[in-house]
Amino acid sequence: MVEISVCIGTSCHVNGSYNVVQTFQQMIEEYSLHDKVDFKAYFCMKECQKNGVSVSVDGTTYRIETVEAGLFFKETILKRVIVNQS
Ligand code: FES
């Protein structure tokens, strides 16, 4: 199970966390990952001073732009799911 959190605190909300959440939900649906990921919202990961939206994957925090959410999902989250399965 890959643990994913998207920050929905004020700073990240302003930077587009809603769009990141929507993108991740669509991709979880598209790849049928409901039983392989634990997807949660989180209130402030203490990274507000940086640009973008804070996303945590298995305890590692990343800061991503909304336009790269789909690519981030494929390159970081999907790969991690595949590694966990093998
Ligand atoms: S609001 Fe997202 S890191 Fe602070």
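This text goes with the structure placed above it.
Residues numbered from 1 in each chain as written. Predicted model: local features only at pLDDT ≥ 70, side-chain atom pairs only at ≥ 80, totals over all residues. Heavy atoms only, no water.

Caption draft 1: Expanded view of the overall build of the protein. Of the regular secondary structure elements, the protein holds three helices and four strands. Going residue by residue from the N terminus, the α and β elements of the protein occur as β-α-α-β-β-β-α. Whereas a compact globule of 86 residues would reach a radius of gyration of roughly 12 Å, the protein reaches 12 Å, a difference of no more than 12%. Expressed along its principal axes, the backbone C-alpha trace of the protein runs to roughly 35 × 20 × 20 Å. Here the contacts in the protein between residues at least 6 apart in sequence split such that 66% fall between residues at least 24 apart. (Helix = DSSP H or I, 4+ residues; strand = E, 2+ residues; numbered from the N terminus. Rg over C-alpha atoms; globule rule 2.2 N^0.38 Å. Contact = heavy atoms within 4.5 Å.)

Caption draft 2: Highlighting helix H3 (residues 69-85). Its 17 residues place the ends of H3 23 Å apart at the C-alpha level, agreeing with the 24 Å of an ideal helix rising 1.5 Å per residue. The largest bend in H3 comes to about 25°, at Leu 78. Residues of H3 that are buried: Ala 69, Phe 72, Phe 73, Thr 76, Ile 77, Leu 78 and Val 81. Summarising the contacts, the buried residues of H3 are in contact with strand E1 (2-7), helix H2 (17-30), strand E2 (37-42), strand E3 (53-57) and strand E4 (60-64). (Expected span 1.5 Å × (residues − 1). Bend = angle between axes of the 7 residues up to and from the residue. Buried < 20%, exposed > 50% of the residue type's maximum accessible area, 1.4 Å probe, protein only.)

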